[in-house]
Amino acid sequence: MKKKVFIITGEASGDKHASGVVRELLAINPNLEIEAVGSENLQKTGIKLFHNHNKMGAMGLTPSVVINHLFLGLNIVNYLKNTFKPDLVLLVDYGAFNLSIAKHLKKAGIKTFYFIPPQIWASRKWRIKTVKKYIDKVLTIFPFEGKMYDEYNIKNEYVGHPLIKELPEKAHKIEFFKRHNLDLNKKLVSIFPGSRMFEIKFLFKIFLKAVKIIEKSRNDVQFVFSHASNLKSDAFKCDYKIIDGENHALMSVSDALILTSGTVALEAALYKTPMIIAYKGPLFFYLIYLLVRSIKKACLVNIITGKDIVPEFLMFNAKPEKIANEILNILDSEKAKMLQRSGFDEVETLLSSKHCVEEAAIIINKELTERE
């Protein structure tokens, strides 16, 4: 009898990472029957999608979002309990939704693994109790996570970070500059104002002012704004060059980066491109964040190394003058660049010891075969 696996993702990144696990699983064990909640990447593996999650990434707690998630959750649980009856469910990222699903899976006696678990180490540490109660094993992507799960006697294995193998190669600088009509004799500072509209709302004007300050002090610098592919074409406008959907290539050929805090900082670190990160949002949500956070650092590079490698400009500290001065320091100071790059080397060393999706697939398949 074929073993059955069901995978639940909630947004594009989880869909991408999960598709890698599926390919590795089927390579190891072609007889598996796998279904999923996902999108185009999982669909391309050839497995059946129970639901396309394109609308699951909606932000906020509007009634329609809550109701949609509630009904989807009920449909998934009913399908798994009464129809598909999987041998194992793999939850991928998307913490709030997946942890609520896990409660019902536990009651139904369904083995549940969590790949790319919620960042409990960063905030809302009380969720560790939910993980302990409902998750059979956690597949961690950061080397420091294991200690936390060990303290709570939660089974876990470090599989490595998916970005190490998924990140595209560096772009060819000369070709990229020519294609986008950039000046090879000038430094390139690229600005990533975010992939969500509320990030654009709070950070775009700050970044634009920082760019104008830098421009006034130097004439050997050019600027490009990155337009995230998921944003509408009119998400923001400016007089500087805007490049759409080439995030990785752009950050890999830049001399310095102004980034919104998030995974993009880890991507930039792996390309060894110096950066600053900034973040600003509604005051109410910031006050809540101060209550629930478990750490004081925001940039993944700083969190992973435990050092202040990348300058952070958060909330009231996210001022154009400060951002501009730090970018100028990066451009002018070899010491500043080398300090960051040594930290980036440390990050790569800590994260690259394992092939993430292959490790995850091996662990899952082992669990399935041992239960035969």
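Look up: the structure comes first, before these words.
Residues numbered from 1 in each chain as written. Predicted model: local features only at pLDDT ≥ 70, side-chain atom pairs only at ≥ 80, totals over all residues. Heavy atoms only, no water.

Caption draft 1: Focus on helix α14 (residues 320-332). The end-to-end C-alpha separation of α14 is 18 Å, in line with the 18 Å expected for 13 residues at 1.5 Å each. Among the residues making up α14, those that are buried are Pro320, Ile323, Ala324, Ile327, Leu328, Ile330 and Leu331. The buried side chains of α14 occupy one side of the element, clustering within an arc of 160 degrees when seen end-on. (Helix = DSSP H or I, 4+ residues; strand = E, 2+ residues; numbered from the N terminus. Expected span 1.5 Å × (residues − 1). Buried < 20%, exposed > 50% of the residue type's maximum accessible area, 1.4 Å probe, protein only. Arc of directions from axis to C-beta.)

Caption draft 2: A look at the packing of helix α9 (residues 197-217) against α14. Where α9 meets α14, the axes come as close as 8 Å, and the angle between the chain directions of the two elements is 50 degrees. Classed by the angle they form, the pair α9 and α14 counts as oblique. In this structure, α9 meets α14 at a crossing whose hand is right-handed. Touching Ile206, Phe207, Lys209, Ala210, Ile213, Ile214 and Ser217 of α9 are Pro320, Glu321, Ile323, Ala324, Ile327 and Leu328, all from α14. Residues that form the contact of α9 with α14 fall into these classes: 10 nonpolar, 1 polar and 2 charged. (Axes fitted to C-alpha atoms, helices over the stretch in contact; angles between N-to-C directions. Parallel < 35°, antiparallel > 145°, perpendicular 65-115°, else oblique. Left-handed = near helix turned anticlockwise from the far one by under 90°. Contact = heavy atoms within 4.5 Å. Nonpolar A, V, L, I, M, F, W, Y, C, P; charged D, E, K, R; others polar.)

Caption draft 3: Structural context of a positive patch on the surface. A cluster of like positive charges, contributed by Lys81, Lys103, Lys107 and Lys133, occupies part of the molecular surface. With respect to the helices and strands, the residue lysine 81 is situated in helix α3 (residues 63-84). Lysine 81 gets classed as partly exposed once you look at its relative accessible area, which sits at 41%. (Patch = residues over 30% accessible without salt bridge, like charges linked within 9 Å, V, L, I, M, F, W, Y side chains within 5 Å. Areas by Shrake-Rupley, 256 points an atom, 1.4 Å probe, with all protein chains shown as cover. Salt bridge = Lys/Arg side-chain N within 4 Å of Asp/Glu carboxyl O. Lys, Arg positive; Asp, Glu negative; His and termini not counted. Charge placed at Lys NZ, Arg CZ, Asp CG, Glu CD.)

Caption draft 4: Region of interest: helix α5 (residues 127-134). Within α5, the full set of buried residues consists of Arg127, Ile128, Val131 and Tyr134. End-on, the buried residues of α5 take up no more than an arc of 150 degrees, which puts them together on one face. Exposed positions of α5 whose direction lies more than 90 degrees from the buried face are Lys129 and Lys133. Elements that come into contact with the buried residues of α5 comprise α4 (95-107), β5 (112-115), β6 (137-140) and α6 (145-151).

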